[in-house]
Amino acid sequence: MSGQFDDKPLYLQLVDELEVAIRERMAPNDKLLSERELTQVHGVSRITVRLALQELEKRGLVYKKHGKGTYVSEILDTAVDLSQAYSFTDQMRKMGKVPRTIILSFRNIQATDFIAQQLQVSCGELVFEIERLRLADEIPMMLERTYVPVSLFPTLTSGRMSEKPLYEIFLEDYGQVVRLAEEEFYASISLDNEAKILGIPSNSPVLHLVRKTYNDKNRLIEYTFSIARADQFRYKIIHQK
């Protein structure tokens, strides 16, 4: 560890050392030393080790298995560029991963006040509500709930969505050209049911993403709320003049 007069808190010094070890000498799903072992190896207190592990988990570098220990997360060298990529399927393919989608539910409902406002449709108008689990290399990555107007995609079915990505369906089946997708995200903690579907411990860090997609006539055609595993995603945004 660094000297006792280092300005950086001791647990962050330990974070720095462990991050270097994780990135340079460990592989995804390798198990870290136990808290007791880390205490002995690095000559720090148990609370310092716990704070360091919590910080590593927040950064998505490790994940915990209840009663088993702490493990190295799959660190993505390629970050998702929110300024360029709209499609989960396309983005995973660019990363060299095999994407897969499981449709958990597919139904048409009457738009609530909230959904109507998000899609800029009339309250009570029919919309498709689609819940999907997105996987990459068979690892659950993201849980999505999508809403699209039935009037624009009247023959859309879950079977069709199992055959090809949604944005390809938009273009090829309905002539809807995606011009722009607005996306915002924020950090949160997973609920029990979300954690179970994503295969992570309850109260794990997750990212909530909200996306609104517009066609070439500047009409909203999709509203999606997603929950992504924080240990599997890094995001990059490029700001250009």
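Residues numbered from 1 in each chain as written. Predicted model: local features only at pLDDT ≥ 70, side-chain atom pairs only at ≥ 80, totals over all residues. Heavy atoms only, no water.

Applying the stated criterion across every chain yields a total of seven aromatic pairs. Ring plane angle 80° and centroid distance 6.1 Å describe the contact between Phe 114 and Tyr 223, whose orientation is recorded as edge-to-face. On the criterion of sequence distance, the pair formed by Phe 114 in helix H5 (residues 113-119) and Tyr 223 in strand E9 (residues 220-229) is long-range, its members being 109 residues apart. Judged by centre distance (6.2 Å) and plane angle (25°), the rings of Tyr 147 and Tyr 223 are stacked. One end of the pair, Tyr 147, is in strand E6 (residues 139-149); the other, Tyr 223, is in strand E9, and 76 residues separate them in sequence. (Phe/Tyr/Trp six-rings, centres within 6.5 Å; stacked < 30°, edge-to-face > 60°. Helix = DSSP H or I, 4+ residues; strand = E, 2+ residues; numbered from the N terminus.)

On to the confidence of the model for the chain, then. Per-residue confidence for the chain averages 85 on the pLDDT scale, and 88% of its residues sit at or above 70. pLDDT under 50 marks residues 78-85. Its contacts with residues more than four places away, or in other chains, come to 24 contacts. (pLDDT = per-residue confidence, 0-100. Contact = heavy atoms within 4.5 Å.)

Right, let's get into helix H3 (residues 46-58). In this model H3 runs 18 Å from its N-terminal to its C-terminal C-alpha over 13 residues, within 8% of the 18 Å that 1.5 Å per residue would give. Residues of H3 that are buried: Thr 48, Val 49, Ala 52, Leu 53, Glu 55, Leu 56 and Glu 57. Those residues of H3 that are buried lie in contact with helix H1 (10-25), helix H2 (35-42), strand E1 (62-65), strand E2 (69-72) and strand E8 (205-215). One or two positions beyond H3, positive phi appears at Gly 60, with a value near 80°. (Expected span 1.5 Å × (residues − 1). Buried < 20%, exposed > 50% of the residue type's maximum accessible area, 1.4 Å probe, protein only.)

Below, the discussion takes up the pattern of salt bridges. According to the stated counting rule, one finds 16 salt bridges in the structure shown. A salt bridge links Glu 35 to Arg 50, with the nearest nitrogen and oxygen atoms 2.8 Å apart. Placement of Glu 35 in helix H2 and of Arg 50 in helix H3 is noted, with a sequence separation of 15 residues between them. Residue Lys 164 pairs with Glu 172 through a salt bridge whose shortest N-O separation is 2.1 Å. The network of salt bridges with shared partners includes Glu 35, Arg 46 and Arg 50. (Salt bridge = Lys/Arg side-chain N within 4 Å of Asp/Glu carboxyl O.)

The N-to-C vectors of H1 and H3 enclose an angle of 55°; their axes lie 8 Å apart at closest approach. Considered as vectors, H1 and H3 are oriented oblique to each other. Crossing angle aside, the handedness with which H1 passes H3 is right-handed. In this structure, H1 uses Leu 10, Tyr 11, Leu 12, Leu 14, Val 15, Leu 18, Glu 19 and Ile 22 to contact H3, whose residues at the interface are Thr 48, Val 49, Leu 51, Ala 52, Glu 55 and Leu 56. Split by residue class, the contact of H1 with H3 holds eleven nonpolar, one polar and two charged. (Axes fitted to C-alpha atoms, helices over the stretch in contact; angles between N-to-C directions. Parallel < 35°, antiparallel > 145°, perpendicular 65-115°, else oblique. Left-handed = near helix turned anticlockwise from the far one by under 90°. Nonpolar A, V, L, I, M, F, W, Y, C, P; charged D, E, K, R; others polar.)

Turning our eyes to something else, we now look at the environment of Arg 211. Inspection of the secondary structure puts Arg 211 in strand E8. For Arg 211 and Glu 183, which are 28 residues apart along the polypeptide, the C-alpha to C-alpha distance reads 4.3 Å. One polar contact links Arg 211 to Tyr 167, side chain to side chain, over a distance of 3.0 Å. (Polar contact = N/O pair within 3.5 Å; in protein donor to acceptor, adjacent residues only side chain to side chain.)

Strand order in the open sheet formed by six strands is E4-E5-E6-E9-E8-E7, with antiparallel pairing between adjacent strands. The sheet is open, and its two borders are formed by strand E4 (99-110) and strand E7 (178-189), each paired with just one other strand. Between one strand axis and the next, the sheet turns through 15° on average, direction left out of account. The pairing of strand E5 (residues 126-136) with E6 spans ten bridges and is classified as antiparallel. Bridged to Ile 130 within E6 is Thr 146. Along the sheet, helix H7 (residues 166-174) contacts E5, E6, E7, E8 and E9; its crossing angle with E9, the most-contacted strand, is approximately 165°. (Pairing = 2+ DSSP bridges.)

This brings us to the pairing of E8. Most of E8 sits inside the fold, with nine of its eleven residues counted as buried. Here E7 runs beside E8; their pairing, made up of eleven bridges, is antiparallel. If you follow Ser 188 over to E8, its bridge partner there is Val 206. Where E8 hands over to E9, the hairpin turn is made up of four residues, of which Asn 218 adopts a positive phi near 65°.

This part covers the environment of Tyr 147. Residue class for Tyr 147 comes out buried when judged on its relative accessible area of 8%. Residues Tyr 147 and Tyr 223 lie 76 residues apart in sequence; the distance between their C-alpha atoms is 5.2 Å. Sequence-distant contacts of Tyr 147, that is, excluding residues within four places in its chain, are made with Ile 109, Ile 115, Leu 119, Val 127, Phe 128, Glu 129, Ile 221, Glu 222 and Tyr 223. Among the polar contacts made by the side chain of Tyr 147, one reaches the side chain of Glu 129 at a distance of 2.8 Å.

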